[in-house]
Amino acid sequence: MARASRSARLGIVAVVCLACGLAGSLSVSGGSDPSIAVEGFDSGTRVVREAAEALTGEGRSILECYPWGSRTFLGLVSLFPSATRIRLIEWGTRLSVGHDAEDAGRLRVDALPRWCVEQYPQDDRRYEAIVVGSPNGAVAHLAALLGAPFLTTSFGLTFRRPTIDAEDHLAYFESGRAIVESILEANGDDGFELIVHYDPLHDRSLVRSVDFVRVKLRALPACYREFIDRHLAPGGRLILIDCAYAWPQYELRDRAYAQIGGLGGIPPETYLERWPLELPLLTRRESEWGCPDGFAASASRFAADREIEAIEIRFNRPWEYSLLAYDAYSTCEGIRGRSLLIDCFNHLNPRTNVETGIPALWLPFNTEEGLALVEEALRGRAFDWIGFALLPSFAESPDTAALGPWLDLLSQHGDVDLIGIDPDRYPTDPLAPFRFDDRMTELRETRRLDRPLRLETEALLELLSPSDADP
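Owing to the predicted nature of the structure, the values given are computational and were not obtained by experimental measurement.

A few words on the sheet that holds strand β16 (residues 385-388). Spatial strand order, β15-β14-β16-β17: 4 strands in an open sheet with parallel pairing. Each edge of the open sheet carries a strand with a single partner, namely β15 (360-363) and β17 (415-418). Averaged over all pairs of adjacent strands, the angle between strand axes in this sheet comes to 20°, irrespective of strand direction. Looking at chain direction, β16 and β17 are connected through 4 bridges and run parallel. Across the sheet, the residue bridging to Phe388 is Leu418, located in β17. Those strands touched by helix α12 (residues 318-331) are β14 (339-344) and β15, and its axis lies near 170° from that of β15. Packing of helix α15 (residues 403-410) onto the sheet brings it into contact with β14, β15, β16 and β17, and relative to β16 it is tilted by some 160°.

What follows is the structure, encoded as structure tokens:
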């Protein structure tokens, strides 16, 4: 009986570790105030943290989402069949992921951008460029190449509630509406909007137990202005990322919206037909990748007032930033042009790329759409080595591309080296992040350049057509 109880407790600890790994939170306060934390796995959070690691050489990359010591437990979880691993994730999510929904009113939105600037050295160093705007992995690579901080517009938060059927979008948005009402009541009109994001295909394991809410900045906050004033070198440039990627959103109320679905191989119409809401429907900047309306204008006005040269980079889709980042790598002195590292979503580490000279091609997600984009990007190119770090999404979404077609495609262009991926367990591989981090460390130790790659802002300008950059 005692052994059985111990085994049960061990199983619970393992699953809790797994859940924390998938949805680890990072404190926004940096002090004793527990506050409401940003999600460590969120795309916006990861771009900030990866840019900071590239600047300082300090950080744990994707492993920041994982509690210390969880690797052993996750190894045990990985021994189960795929369907069981998914059920364990959902169980762990119910146990430990997210803040209590009743605490939503404790969130102070102005603490979120303060958390962002606190990720960078607080000394008197100056930067030739500071990047600000909508996040994606390619932007993390650009910031790393520029030796620049990145200040994000997007902060992901999760809130626990009773478990629902993943198909029950009405229950999801009922609780989500209450959360945004609490946040808005506590914060007033403070230059932000809220989006309750529901994706029952790509985030199925999460939506059963938590509401995902993104705080999006509509204006350049005071702490960003202060950071730029203090840390942008004389003559330095402000790089403004204004991604115009759009998606239908329902209007819950003023400054609060609901988005169903997201980027991938499934069109918005499919989501809206299957999970409709009886609310006003608008086409707006997308929750995860789009730059909020008004933010770019606010940042541009600030730059003009300070006589700072602003370079606005506006594309319609996040993938276009990935192509720009790859071209930026290719212009740098010391680049290993016969090598390529394809990273995906939050499995990226630009520090490794700039320290080794291996160019990156970032994938937004592991879908069939991504497969087609890579096929087009690599047409006519050949490499000696292709590192491939595909995200283990734990979601068997209809648009998830199987590993076989990826390998068939990439092997036509060079020798493929799987980074972190266990072919027998993809896409439900709990240990993939740990193997990914191991390989990043190994690459930095074995292929480090004498001097890391560096992209000058003049070289970035040369890569941009007049329609893309407005200096």
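This brings us to the sheet that holds strand β8 (residues 210-217). Pairing within the open sheet is mixed, and its 7 strands lie in the order β3-β6-β8-β7-β11-β10-β12. Two strands bound the open sheet, and with one partner strand each, they are β3 (99-100) and β12 (281-285). In this structure, strand β6 (residues 154-160) lies alongside β8, joined through 7 bridges in antiparallel fashion. Considered in β8, the bridge of Gly156 is made with Arg214.

Our focus in this paragraph is the pairing of β6. Of all 7 residues that make up β6, 6 are buried, and the element is covered over most of its length. Bridge count between β3 and β6: 2 bridges; the pairing is parallel. Within the sheet, the bridge partner assigned to Asp100 lies in β6 and is Arg160.

Let us look at the packing of helix α9 (residues 222-231) against helix α11 (residues 295-306). Remark: α9 packs on α11, axes separated minimally by 12 Å, with the N-to-C direction vectors making an angle of 35°. In this structure, α9 meets α11 at a crossing whose hand is right-handed. Facing Arg225, Ile228 and Asp229 of α9, the residues of α11 in contact are Ser298, Phe302 and Arg306. When grouped by side-chain class, the residues that make up the contact of α9 with α11 number 2 nonpolar, 1 polar and 3 charged.

Attention shifts here to helix α14 (residues 368-378). Those residues of α14 not exposed but buried are Gly370, Leu371, Val374, Ala377 and Leu378. Burial along α14 is one-sided: seen end-on, the buried residues are contained in an arc of 130°. Of the surrounding elements, those touching the buried residues of α14 are α12, β14, β15 and α15. Just past α14, the residue Gly380 takes up positive phi, approximately 80°.

What follows is about helix α16 (residues 432-446). In a regular helix each residue adds 1.5 Å, so 15 residues correspond to 21 Å; α16 covers 21 Å between its end C-alpha atoms and thus fits that length. Those residues of α16 that sit buried are Ala432, Pro433, Phe434, Phe436, Asp437, Arg439, Met440, Leu443 and Arg444.

Before going further, it helps to spend a moment on the nonpolar core. Counting residues in hydrophobic clusters, the biggest one holds 147 residues, and the most contacted among them are Leu151, Tyr224 and Ile313. In terms of residues, this core owes the most to one element, helix α6 (residues 137-146), which gives 8 residues. Setting aside residues no more than four positions away along its own chain, Leu151 makes contact with Cys116, Val117, Tyr120, Ile130, Val131, Val132, Gly133, Tyr224, Phe227 and Ile228.

The N-to-C vectors of helix α5 (residues 111-118) and α9 enclose an angle of 25°; their axes lie 8 Å apart at closest approach. What the angle tells us is that α5 and α9 run roughly parallel. The residues of α9 that touch α5, namely those facing Pro113, Arg114, Cys116 and Val117, are Cys223, Tyr224 and Phe227. Of the residues assigned to the contact of α5 with α9, the class counts are 6 nonpolar, no polar and 1 charged.

We now examine unusual backbone geometry. Look at the link from Tyr426 to Pro427: it is a cis peptide, with omega at 5°. Position of Pro427 relative to the elements: it lies in the loop between β17 and α16. You will see that Phe345, though not glycine, has its phi angle at about 50°, which is positive.

The subject of this paragraph is the pattern of salt bridges. This model, assessed by the stated rule, comprises 31 salt bridges. Taken together, the salt bridges that share partners define one network made up of Arg46, Arg49, Glu50 and Glu64.

Reading the values: the criteria
- Residues numbered from 1 in each chain as written.
- Predicted model: local features only at pLDDT ≥ 70, side-chain atom pairs only at ≥ 80, totals over all residues.
- Heavy atoms only, no water.
- Pairing = 2+ DSSP bridges.
- Helix = DSSP H or I, 4+ residues; strand = E, 2+ residues; numbered from the N terminus.
- Axes fitted to C-alpha atoms, helices over the stretch in contact; angles between N-to-C directions.
- Contact = heavy atoms within 4.5 Å.
- Buried < 20%, exposed > 50% of the residue type's maximum accessible area, 1.4 Å probe, protein only.
- Left-handed = near helix turned anticlockwise from the far one by under 90°.
- Nonpolar A, V, L, I, M, F, W, Y, C, P; charged D, E, K, R; others polar.
- Arc of directions from axis to C-beta.
- Expected span 1.5 Å × (residues − 1).
- Core = buried A, V, L, I, M, F, W, Y, C linked by side-chain atoms within 4.5 Å.
- Parallel < 35°, antiparallel > 145°, perpendicular 65-115°, else oblique.
- Salt bridge = Lys/Arg side-chain N within 4 Å of Asp/Glu carboxyl O.

It is worth stressing that arrangement in space is one thing and function is another; only the former is reported here.
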